[in-house]
Amino acid sequence: MKAFSTVTYDEQCREDFKRFFASVQYNFGSISVDCPYELPKVATFYQGAVQPPGSREMELFLSAGFRRNGNWLYSMHCADCTACVSIRQHVPSFVPNRNQKRVLKKNSGVTMELKSLTPDSENLFLCEKFLRTRFPKDGNAALKYFHDFFLNSITMSYMVEYRVGGKLMGTGIIDAGNNWMSAVYFYFDPDFHRRSPGTFNILKLLELCREENIEYLYLGYQIDEVRAMNYKKHFKPCQLRIKDHWKTLS
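Definitions and limits used
Residues numbered from 1 in each chain as written. Predicted model: local features only at pLDDT ≥ 70, side-chain atom pairs only at ≥ 80, totals over all residues. Heavy atoms only, no water. Phe/Tyr/Trp six-rings, centres within 6.5 Å; stacked < 30°, edge-to-face > 60°. Buried < 20%, exposed > 50% of the residue type's maximum accessible area, 1.4 Å probe, protein only. Helix = DSSP H or I, 4+ residues; strand = E, 2+ residues; numbered from the N terminus. Lys NZ or Arg CZ within 6 Å of the ring centre and 35° of its normal. Core = buried A, V, L, I, M, F, W, Y, C linked by side-chain atoms within 4.5 Å. Contact = heavy atoms within 4.5 Å. Salt bridge = Lys/Arg side-chain N within 4 Å of Asp/Glu carboxyl O.

### Comments concerning the packing of aromatic side chains
Here's step 1: The full count for this structure, using the stated rule, is 31 aromatic pairs.
Here's step 2: For the ring pair Phe-149 and Phe-150, a centre distance of 5.0 Å and an interplane angle of 40° mean the geometry is tilted. This pair shows no difference in class: Phe-149 is buried, exactly as Phe-150 is.
Here's step 3: Taking the centre distance of 5.9 Å and the plane angle of 70° together, the rings of Tyr-218 and Trp-246 count as edge-to-face. A residue pair is termed long-range when its members are at least 10 positions apart, and Tyr-218 in strand 10 (residues 216-222) and Trp-246 in strand 12 (residues 245-249) qualify at 28 residues. You'll find Tyr-218 and Trp-246 in the same group, each marked buried.
Here's step 4: Counting every residue linked through ring pairs, the aromatic cluster contains Phe-130, Phe-135, Tyr-145, Phe-146, Phe-149, Phe-150, Tyr-162, Tyr-185, Phe-186, Tyr-187, Phe-188 and Phe-200.
Here's step 5: Arg-88 extends its terminal NZ or CZ atom over the ring of Trp-246, reaching a point 4.2 Å from the ring centre.

### Regarding the nonpolar core
Here's step 1: Within the largest apolar cluster, 43 residues are counted, with the highest numbers of intra-cluster contacts made by Phe-150, Tyr-185 and Tyr-187.
Here's step 2: Breaking this core down by element, the ones donating at least two residues are helix 4 (121-134), helix 5 (142-150), strand 7 (157-164), strand 8 (167-176), strand 9 (180-188), helix 6 (197-211), strand 10 and strand 11 (238-242).
Here's step 3: Residues within four places of Tyr-187 in sequence aside, it is in contact with Asn-123, Leu-126, Cys-127, Phe-130, Phe-146, Phe-150, Met-159, Gly-170, Thr-171 and Ile-173.
Here's step 4: Core analysis: the second largest hydrophobic core is formed by 21 residues, Leu-60, Leu-62, Phe-66 and Leu-73 among them.

### Let's talk about the pattern of salt bridges
Here's step 1: Counted according to the given criterion, the structure contains 15 salt bridges.
Here's step 2: Taking the shortest distance from any N to any O, the salt bridge between Arg-88 and Asp-10 comes out at 2.9 Å. In this pair, Arg-88 is assigned in strand 5 (residues 85-90) and Asp-10 in helix 1 (residues 6-21), connecting sequence segments 78 residues apart. Comparing Arg-88 with Asp-10, the two get one shared label, buried.
Here's step 3: Of the charged contacts in the structure, one is a salt bridge between Asp-148 and Lys-144, with a shortest N-O distance of 2.9 Å.

Here's what the structure looks like:
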């Protein structure tokens with residue numbers, strides 16, 4: 001479904017999701033755990049598993065603030081914390097700033113390839129190096145991330161590989177449908193951190209969305225208190241989901 005205007009599109013999504021979710025809501029429940037972003041809070045996931053939804057149903061889940069983890073769909077319902085704010089890009093509205101243009105220029109020689117989602121040895125090695133360097137927690141392992149988080153049987157998922165002189169610099173895990181793309185995860189070689197690979201990945205996903213006539217790129221959560229999660233709002237104008245409505249931050 002293509003949007004005639006942001007307001008009309010979001011109103012239609014809310015109405016369609018309300019009707020659709022009424023038929024699958026019995027599959028969803030809450031589970032509380034320690035905050036996965038290491039904030040001193042208890043995190044409550046409202047999650048469930050459904051039969052493989054179509055592209056439109058996944059679009060409705062994303063528009064309603066849900067994310068995917070393996071075959072599970074979830075949103076955050078934390079009792080005393082609202083740090084996780086869903087963020088997305090209305091692709092036709094995005095204009096790169098001066099710094100983002102510099103990042104593109106700095107990485108002008110980087111090649112990009114869209115591939116099927118496969119945990120090959122090269123990507124497992126890179127993901128393991130990334131996790132060991134950036135998130136060295138017990139239980140964080142590349143194979144576990146692929147099997148429990150990235151791989152799924154409910155939607156179309158891909159890998160976007162970035163290479164410098166043939167060497168794998170980073171890989172984005174994405175889901176995609178008719179009018180949406182969801183950035184699931186991105187890992188990169190820490191040796192290339194000066195290239196701003198996280199920023200570069202989002203810029204290239206925005207380019208890919210334009211090529212495929214995709215209007216909305218969902219970037220997950222904007223979390224101001226978490227360094228690894230607070231750079232997404234610099235892609236402006238962006239849209240934040242506040243009190244069940246998408247608000248434009250320009």
